[in-house]
Amino acid sequence: MKLLPRIQVEGGAEWLARTATQCLIDEARLSPKPGLVDSRGNGAHLDLSLALMERSARSLTPTFQALAQQSWQRPADISLRQTVGRLGREGERQMMLATDGVNTHRGAIWALGLLVSAVAMLGGAGRADAITRTAAELAILPDSAAPKTFSKGLRATHRYRVPGAREEAQQAFPHVMQHALPQLRQSRLNGSNETHARLDALMAIMTSLTDTCVLSRAGMEGLETMQLGARAVLQAGGSAQPEGQRALAELDRRMLALNASPGGAADLLAATLFLDRIETPYIAN
Ligand SMILES: CC(C)(COP(=O)(O)OP(=O)(O)OC[C@H]1O[C@@H](n2cnc3c(N)ncnc32)[C@H](O[C@H]2O[C@H](COP(=O)(O)OP(=O)(O)OP(=O)(O)O)[C@@H](O)[C@H]2O)[C@@H]1O)[C@@H](O)C(=O)NCCC(=O)NCCS
Ligand SMILES: Nc1ncnc2[nH]cnc12
């Protein structure tokens, strides 16, 4: 009997890590995604492939597991923020080792890492709104050990005066909670299959995210192309409809012509799939 809490932590952490990894793999395989790596190919990327994305996702399971173990039933305070930051950076190192130095999942480690920690902080369960609020409590705490380097994302948020990955988490993931999760579930209710429902959820994120990957590669023209194109897909009834499929193919063509890839939106789709599974775990296993 005395061992039960320990078993709960270990079993819960292992399940959360496996689920987070699977959501990264599901996101990578989902097709057709505009500009992104998917089952068809490399999208706008010269240095990425589906095999590399999957290898990267698998390299992150121990990071997610450690995040869950260390966060179990702990409050959002500086001590936990430091632990999560250290584990997140160690995860980035593992990812770079697995990919020979290609940045596949930096934004995903941030978003899913915070969400895995938040579920654990809540004792291994919880509704999506409580989880994202808890993740935000952690994300707004100062990261004293952060390197003082200027990342591509930071440069884009300053240049275009827009929010990026940091703000998305600090605001409790509005693109997941207000756009992607409702769209995922509405498309399922409308009778769409899982692939179309997930593509629609991705479109819902892309209608308004200021994705710093797109901004870095293709500027404001790329961002507007992404947002307008995603709106056109949803206005045509979504990716299950022939007109929506035509709009999606057109968006893919335009994103490739601009060398634009919405890596941040892809990360938030993985985060959406994760929260969806936490709320309905029978889908996952
Ligand atoms: C706070 C951090 C997220 C650091 O953020 P920052 O903006 O300073 O740094 P970036 O390195 O740019 O990483 C941000 C990544 O987040 C994704 N993203 C972009 N826009 C948004 C958005 N609006 N909302 C949410 N997420 C967003 C995106 O990740 C994806 O793209 C990556 C590939 O990007 P890039 O390297 O630019 O690649 P290419 O365009 O292909 O480059 P080239 O080929 O042209 O060279 C890929 O990783 C996707 O995941 C952004 O890149 C956070 O990372 C941090 O502080 N971490 C420290 C550790 C920590 O505290 N962790 C705690 C939780 S575990
Ligand atoms: N499918 C994908 N393609 C390119 N970059 C990504 N970042 C996260 N998922 C991605």
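In every chain, residue numbers begin from 1 and rise along the written sequence. All chains are assigned letters beginning with A, and all ligands numbers beginning with 1, in the order in which they are written. Local features in this predicted model are restricted to residues whose pLDDT is 70 or higher, and side-chain atom pairs enter the listing and the counts only when it is 80 or higher, whereas totals over whole chains, interfaces and linings include all residues.

Per an unreviewed UniProt entry, the chain goes by the name 2-(5''-triphosphoribosyl)-3'-dephosphocoenzyme-A synthase and belongs to Pseudenterobacter timonensis. Under the UniProt heading Catalytic activity (unreviewed entry), the note attached to the chain is "3'-dephospho-CoA + ATP = 2'-(5''-triphospho-alpha-D-ribosyl)-3'-dephospho-CoA + adenine". UniProt positions are given in the numbering used here, feature names are shortened, and annotations may be inferred rather than shown by experiment. Per UniProt, the comment on the chain under Sequence similarities (unreviewed entry) is "Belongs to the CitG/MdcB family."

The subject of this paragraph is the site of ligand 2. Neighbouring ligand 2 are 14 residues; Ala28, Leu36, Val37, Gly263 and Ala266 lie closest to it. Mapped onto the shell around ligand 2, the elements with two or more residues apiece are α1 (4-29) and α13 (263-279). A helix here means a DSSP run of H or I that spans at least four residues, while a strand means a run of E at least two residues long, and both kinds are numbered starting from the N terminus. Per element, the largest residue contribution to the shell around ligand 2 is three residues, and it comes from α13. Under the scheme applied, nonpolar residues are Ala, Val, Leu, Ile, Met, Phe, Trp, Tyr, Cys and Pro; charged residues are Asp, Glu, Lys and Arg; polar residues are all the others, including Gly. Among the residues forming the shell around ligand 2, the class breakdown is seven nonpolar, five polar and two charged. Using a C-beta atom placed from the backbone, a residue is described as near a molecule or strand when that atom lies within 6 Å of it.

Our next topic: helix α5 (residues 106-121). For α5, built from 16 residues, the straight-helix expectation of 22 Å at 1.5 Å per residue is met to within 8% by its first-to-last C-alpha distance of 22 Å. For the exposure call, what matters is how many other C-beta atoms sit within 10 Å of a residue's own: 20 or more marks it buried, 12 or fewer exposed, and in between partly exposed, using C-beta atoms placed from the backbone. The buried fraction of α5 is high, at 15 of 16 residues. Downstream of α5 by one or two residues, Gly123 has phi in the positive range, about 85°. Any helix carries an expected span of 1.5 Å times its number of residues minus one.

Attention now moves to the environment of Pro174. Relative to the helices and strands, Pro174 resides in helix α9 (residues 174-189). When the 16 C-beta atoms within 10 Å are taken as the criterion, Pro174 is described as partly exposed. Along the primary structure Pro174 and Ile205 are separated by 31 residues, whereas in three dimensions their C-alpha atoms are 9.3 Å apart.

This brings us to the site of ligand 1. Ligand 1 sits among 37 residues. The nearest are Gly88, Gly107, Gly113, Gly153 and Gly264. Going through the elements one at a time, α4 (78-98), α5, α7 (152-160), α8 (165-170), α11 (212-235) and α13 are the ones with two or more residues in the shell around ligand 1. Here the element with the most residues in the shell around ligand 1 is α5; it accounts for seven residues. When grouped by side-chain class, the residues that make up the shell around ligand 1 number 11 nonpolar, 16 polar and 10 charged.

What follows covers the packing of helix α3 (residues 61-71) against α5. In a packed pair of helices, the relevant descriptors are the angle between the two axes and the axis-to-axis distance. The angle between two axes is taken between their N-to-C directions and runs from 0 to 180 degrees, where each axis is a line fitted to C-alpha atoms and a helix contributes only its stretch in contact. Following both chains from N to C, one finds α3 and α5 inclined at 35°, their axes separated by 8 Å at the closest point. Here the hand of the crossing between α3 and α5 comes out right-handed. Contact with α3, carried on its side by Thr63, Phe64, Leu67, Ala68 and Ser71, involves Ile109, Leu112, Gly113, Val116, Ser117, Ala120 and Met121 of α5 and no other residues of that element. Partitioned by chemical class, the residues of the contact of α3 with α5 number eight nonpolar, four polar and no charged. Crossing handedness is read from the near helix: turned anticlockwise from the far helix by less than a right angle, it gives a left-handed crossing, and turned clockwise, a right-handed one. By definition, residues are in contact whenever their C-beta atoms, placed on the basis of the backbone, come within 7 Å of each other.

Interhelical geometry of α4 versus α5 gives an angle of 140° and a closest axis separation of 10 Å. Considering the angle they form, α4 stands oblique to α5. The handedness of the crossing between α4 and α5 comes out as right-handed. Here Val84, Gly88, Gly91, Glu92 and Met95 of α4 lie close against α5, whose contacting residues are Arg106, Ile109, Trp110, Gly113 and Ser117. Between 65 and 115 degrees an angle is taken as roughly perpendicular, under 35 as roughly parallel, over 145 as roughly antiparallel, and anywhere else as oblique.

A separate point is the environment of Gly237. Position of Gly237 among the secondary structure elements: in the loop between α11 and α12 (242-257). Taking the C-alpha atoms as reference points, Gly237 and Ser187, 50 residues apart in sequence, are found 9.4 Å from one another. Contact partners of Gly237, with chain neighbours within four places excluded, come to Glu243 and Gly244.

It is worth spelling out the confidence of the model for the chain at this point. For residues with low pLDDT, the predicted coordinates do not support detailed interpretation. On a scale of 0 to 100, pLDDT captures the predictor's confidence in every residue. Model confidence for the chain is summarised by a mean pLDDT of 95, while 96% of its residues fall at 70 or above. Reported for the predicted complex are a pTM of 0.96 and an ipTM of 0.96.

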